[in-house]
Structures are given as structure tokens and as C-alpha cells.
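The residues making up each chain are set out below.
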Amino acid sequence: MNKLDDDKIRLLLVDDEEGFRSTISKRLTKRGMKPVQASDGKECLDILEKEPMDVVILDVKMPGISGIDTLKAIKQTHKKIQVILLTGNVAITDGIEGIKAGAFDYLTKPVEIDHLVNKIKQAFEMIRLEKEKQKELEYRAKLEKKMIDTDRLVSLGTMSTGIAHEINNPLAIINESAGFMKYILGTPEMLKIPRRDALMMGIGKIEKSIKRAGRITHQLLGHVKKQESTLSETDIMPLLHETLGLLEKDIKDKQIKINWEIDKKKNIVWIDPYQMRQVLMNLLNNAVHALKENGSITLTTSESNDDIILEIKDNGIGIPKENLGKIFDPFFTTKSFDEGTGLGLFVVHKIVSSLNGKIDVTSKVGKGTCFQLRLPKYDKSNK
Amino acid sequence: MIKIPAKVLIVDDEKDFVEMFSLRLTEQGEKVSTAHSGKEALKVLETVAIDVVILDIRMPGMDGIDTLKQIKALHPVVEVILLTGHGSTETAVEGMKLGAFDYLMKPADFEDIKIKLENARKRKDEQEERIRKAELRLLLRSSGDL
Ligand SMILES: Nc1ncnc2c1ncn2[C@@H]1O[C@H](COP(=O)(O)OP(=O)(O)OP(=O)(O)O)[C@@H](O)[C@H]1O
Ligand SMILES: [Mg+2]
């Protein structure tokens, strides 16, 4: 640490002897450190309430709240502050008790000023290190969470596919049974039975629910990996056009503007076009859904060494921060059940990972959302 | 218009499905036979005249695709409609290459089933008609040779 940083240390000097305080303060000021002063433990704690501090130099022997109690109070509410204790010559035990209570170190009076300055610098360095450690911990926790999330999504993907398969069979039986009952109720002999309408209504609800369940299993299974790989050299432009064509009605209804910022030469990727169509469909569908009338969708492509980067950006409602971590989870949705299953992005994530691609999202509530897809470039040499 | 019943064979290891589905088709006026495995299906085909087979792709033992191959080898004019869980679309497409007429996803829409069934039956009739004519021509030609 160099001299320049010394005046950045926020310093509080606590001692009941005014003469001692001003002498020490003057000497510290000469060395580029300007301490705030307090005459007892209570004043010290009051100041800390209002003003953030890095290092407190604290006399142990004071009237009112003792130095050790003050230290304990500081450590309880201001964990990051480092405290240097000043003890009387004979009271070494005070110093030891102080360190147990969380003091950085202790110095015995009379104080050698260079010694004190060094201690202050060390204490401040300690704060900096702790801060860095904290940051690293947070970063690692975040990274770990992200890794776990990916793993979790992959195994969830495998399981959901299996479940969807299994559900389709009983669903088909329910479907045939309901259809059969409906047929029977429609025969001439049944037209006059009592409460026929009630039965028909019940069957109608069953049929509607079968359709709904079918939509869910369909989403889950629509992307099942094909037996033989159909990865191919694919231009994403026609796929984008095709997908927008399927959404044409909604786009017209909302008068959504599509901005193309596409580089014509750069769009050949190594993917499975069938799955890619589903990815684009789910992303564009979300964008359209997030937009009000006259909103816009911007499609951008660019390239890095290995990837083609496609961005799908809307200026719609945006995604609140607390939801950003959940949107790729299966069944997470903010839409009503007939508007969304909550599987769209889950499937997108699954497909993109299986294509060795990456997906990222940035969003601001009220401003809009941008999904960024990175897909492996088509490279003749490694095929 | 009087409906000519189609002779349908339903093949699926899901017994409840086979039961309800055949009840429904029977009520529609079709003539329905059932089987719960590929082997059983082939046995039925040996003894009963069938227009269209509705065949589940995923069955234990001899699976749908193997069964399809056998049917097409032994009874080439019989049409086959494949039934699939959504995920096995690719298998369904493979099945089409092997000569299946069409495929349906479970749970299937009954109107869809009826249309596909009707079309499959039509194609089988046409096919038979063509064969008959060809045989007739052959017969005429050989008798002219005499
Ligand atoms: N472009 C977007 N703008 C704002 N919110 C979005 C956007 N894309 C996704 N979301 C949020 O993420 C949630 C999950 O999206 P996802 O596509 O997985 O499911 P869904 O759209 O709700 O239903 P479905 O699976 O039927 O598409 C949405 O409900 C929505 O809240
Ligand atoms: Mg969606």
C-alpha cells in the first residue's frame, strides 16, 4: 500500500484524555491520516452509527462503557471494522482479552507513533483482503450455482422426456374413453335420458383437459434427440423467416416491427435445423408475447472465432431480476395456463446445450429483454 | 350414403387402449380385430382379411417397426398407420419409408383417425384394383397368345 491510500483510511480515535488525543491526532495527520475523535465508548458508538469507519483506535481504560465492552459492541454491529486497542503498560491481560473479543491487535501506552501507523496500515490491508475474499466467495458461489443449475436442467430434461412418454399412453386411453362416451350419448336412444347435458358438460371438460395435457407432453417431447444425428450446415436466415411466418398473425395484430441487423455472409451454423426451428419459435413467441402494440423485435447476428452469435431483442415488459434465475426451469411461467406451459425456455436451453451452443439473457423491467444465442460455426475442416 | 366398413386391426400392448379404441371404431361402423403384440398381429393377418392395421410403434418384444416390416413383406397391400408417442416422430418417419401409410400421435384426435383410416382404405382398394386389372391384362394377353 502506498502513501496515497493512507488518507483513504477512515479512522476513529477513542480516548478519554484530551491531551493524548490531540497529540496522537496531530502526529497522524502529519503522516497523512486524519482521525475523527471521540472521548468515550458511547460517543464512539454514536459516531459509528452515522459515519462509516475502517479502523478504530480504542483506549481500554475509559470511564463509562469500558474499552472491551465498546469493542464487543463494535464487533456486533460493524463486523468489518478493525479495532486496535491501546492498553496501559501493566494491563497486558486486557490486550489478550481484547484480541479474543475480535480486536486486530493491541499496543501498550505510551504509544510509539510509527508503530501505530504501521498497525493501522496492517489493519486496513486486512480489511481489503477480507473484502477480496468475500468477493471471491460470492463469485465462486454464483459459478457453482450456475454449474449445478446446468446439471440439474440436463437430468430434469432426461426425466421429463421419459415421463411425457409414459403419460401419453394413459392420456390416449382417457381420450378414447371420453370420446366413446360422447359417442354413446350422441346416439338416438340416449337423446332423451335425464341430465344428459350435465354428462356432456363433464365430458367436454375432460376433452379440453386432455388437449391441455397433450400440449405439455408435446412441448416436452417435441425436441427429443433423433436417433441418427441430423446436424447439418444450416443457414439460420430462412429458419428465422419461416418461424416469423408462423407467428405472422400475432405480429400483424400487435403491429410489431421487425428490425434486421443481419450480416448476410455470416450465418452458416452446424446444427439440426428441425431443433433450431423450435428454439427460434419458442424465443420469438416469448418476445411477441412480451410486446405491446407497436413494439419491436431486433434480430442481430455477429460472429466470434468459433461461434455465430444471434441476438433476439424485444422492447417489451422485461423480466424482473428475481425471475432471471428461474426462467429456464421447467414449468416456470408468469402466464396463465392457456397462454403458456412454462416449458418453452427449458426446451430451448436443452436443445442449445445439446448443440454445443450457449444461451444468455439480459433484461430490464419496462425496457425489454435480449436473448443471446451462441452456436458453433460451420467449419469444413472438423467435419 | 351407405358406409362400407373398413376391416381394421388395432395392435397395441396397452390393453385398455385397444379395448376403448376398438369400441369406438366399432360404433363408427368399422369391422375391428385386435392384437396385443406384433406376433399376435401377424397371426390375425393370416386368418382374417384386413384393410388397415393401426400399429403402436413402441411395444415390448417385436416392436412396431419390426412388425411393420413383416406385415409389408407378407401382406404388401395391407395399409399400416403407425401410432406414436410424440417423441418418436423420427421413428414414424422411418416407418413411412418402410411403407407405412401415415402416422398418428397419441393422444390422437378421432377425426384425424377417421380421415387417415378412410384414405388408407381407399389406397388399398385402388391398389387391389390396379392389381386386378394387371392380372386381367396378363390373362387376356396370354389367352390372345394361344
Ligand atoms: N422475451 C421475454 N420478455 C419478458 N418475459 C419473458 C420473455 N421470455 C420469457 N419470459 C418470462 O419467462 C417465463 C418462462 O418462459 P417460457 O417460454 O419458458 O414459458 P412460457 O412462455 O410461460 O410458456 P410456454 O412454455 O408455453 O412458452 C415466461 O412466463 C415469462 O415470464
Ligand atoms: Mg414461452
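Thresholds applied
Residues numbered from 1 in each chain as written. Chains lettered and ligands numbered in written order. Predicted model: local features only at pLDDT ≥ 70, side-chain atom pairs only at ≥ 80, totals over all residues. Heavy atoms only, no water. Phe/Tyr/Trp six-rings, centres within 6.5 Å; stacked < 30°, edge-to-face > 60°. Helix = DSSP H or I, 4+ residues; strand = E, 2+ residues; numbered from the N terminus. Buried < 20%, exposed > 50% of the residue type's maximum accessible area, 1.4 Å probe, protein only. Lys NZ or Arg CZ within 6 Å of the ring centre and 35° of its normal. pLDDT = per-residue confidence, 0-100. Near = heavy atom within 4 Å. Polar contact = N/O pair within 3.5 Å; in protein donor to acceptor, adjacent residues only side chain to side chain. Areas by Shrake-Rupley, 256 points an atom, 1.4 Å probe, with all protein chains shown as cover. Contact = heavy atoms within 4.5 Å. Buried area = accessible area lost by both parts, 1.4 Å probe. Salt bridge = Lys/Arg side-chain N within 4 Å of Asp/Glu carboxyl O. Nonpolar A, V, L, I, M, F, W, Y, C, P; charged D, E, K, R; others polar. Pairing = 2+ DSSP bridges. Right-handed = clockwise from strand over helix to strand, strands pointing away.

**Side note on the packing of aromatic side chains**
And step 1. Using the criterion set out here, one finds two aromatic pairs over all chains in the structure.
And step 2. Centroid distance Phe328(A) to Phe371(A): 6.5 Å. Interplanar angle 90°. Geometry classified as edge-to-face. Here Phe371(A) lies in strand β12 (residues 368-376) and Phe328(A) lies in the loop between α11 (321-324) and α12 (344-354), a separation of 43 residues in the sequence. The residues Phe328(A) and Phe371(A) share a single accessibility class, namely buried.
And step 3. Sitting above the plane of the Phe110(B) ring, Arg24(B) keeps its charged end 3.7 Å from the centroid.
And step 4. Above the ring of Phe17(B), the side-chain terminus of Lys106(B) is found at 4.8 Å from the ring centroid.

**Thoughts on the confidence of the model for chain B**
For any part of a model where pLDDT is low, the fine detail of the predicted coordinates should not be relied upon.
All names here are of chain B.
And step 1. For chain B, mean pLDDT is 88; residues scoring 70 or higher make up 93% of the total.
And step 2. Put simply, helix α4 (residues 89-97) is where chain B has its lowest mean pLDDT, 77, and strand β1 (residues 7-11) is where it has its highest, 97.
And step 3. ipTM for the predicted complex: 0.74, alongside a pTM of 0.54.

**Focus: the site of ligand 1**
All names here are of chain A.
And step 1. Surrounding ligand 1, one finds 19 residues, the nearest of these being Thr-333, Thr-334, Lys-335, Thr-341 and Gly-344.
And step 2. Contact between ligand 1 and Leu-345: an oxygen atom at 2.8 Å from a main-chain N or O atom of the residue.
And step 3. Here ligand 1, which alone exposes 600 Å², has 93% of that area covered by the protein.
And step 4. When contributions to the shell around ligand 1 are tallied by element, the ones reaching two or more residues are α10 (273-290), α12 and β12.
And step 5. The dominant element in the shell around ligand 1, judged by the number of residues it contributes, is α10, at three residues.

**Observations regarding the interface of chain A and chain B**
And step 1. Taken together, the contact pairs 23 residues of chain A with 22 residues of chain B.
And step 2. Here chain A meets chain B over a buried area of about 2,000 Å², counting both sides, of which 58% is carbon and sulfur.
And step 3. Remark: the boundary between chain A and chain B carries two salt bridges.
And step 4. One salt bridge connects Glu166(A) with Arg58(B), and the closest N-O pair in it is separated by 3.5 Å.
And step 5. Joining chain A to chain B, the criterion identifies five residue pairs in polar contact (both at pLDDT 80 or more).
And step 6. Listing elements by their share of the side of chain A that touches chain B, those giving two or more residues are α6 (113-186) and α7 (196-221) of chain A.
And step 7. Per element, the largest residue contribution to the side of chain A that touches chain B is 14 residues, and it comes from α6(A).
And step 8. Residues belonging to the side of chain A that touches chain B are distributed by class as follows: 10 nonpolar, 10 polar and three charged.

**Observations concerning the pairing of strand β1 (residues 11-14) of chain A**
All names here are of chain A.
And step 1. Of the two faces of β1, both are covered, the one formed by Leu-11 and Leu-13 as well as the one formed by Leu-12 and Val-14.
And step 2. By the bridge criterion, three bridges tie β1 to strand β2 (residues 36-38) in an arrangement that is parallel. The partner of Leu-12 across the bridge, within β2, is Val-36.
And step 3. As for the winding sense of the linkage, the β-α-β connection from β1 through helix α2 (residues 18-30) to β2 is right-handed.

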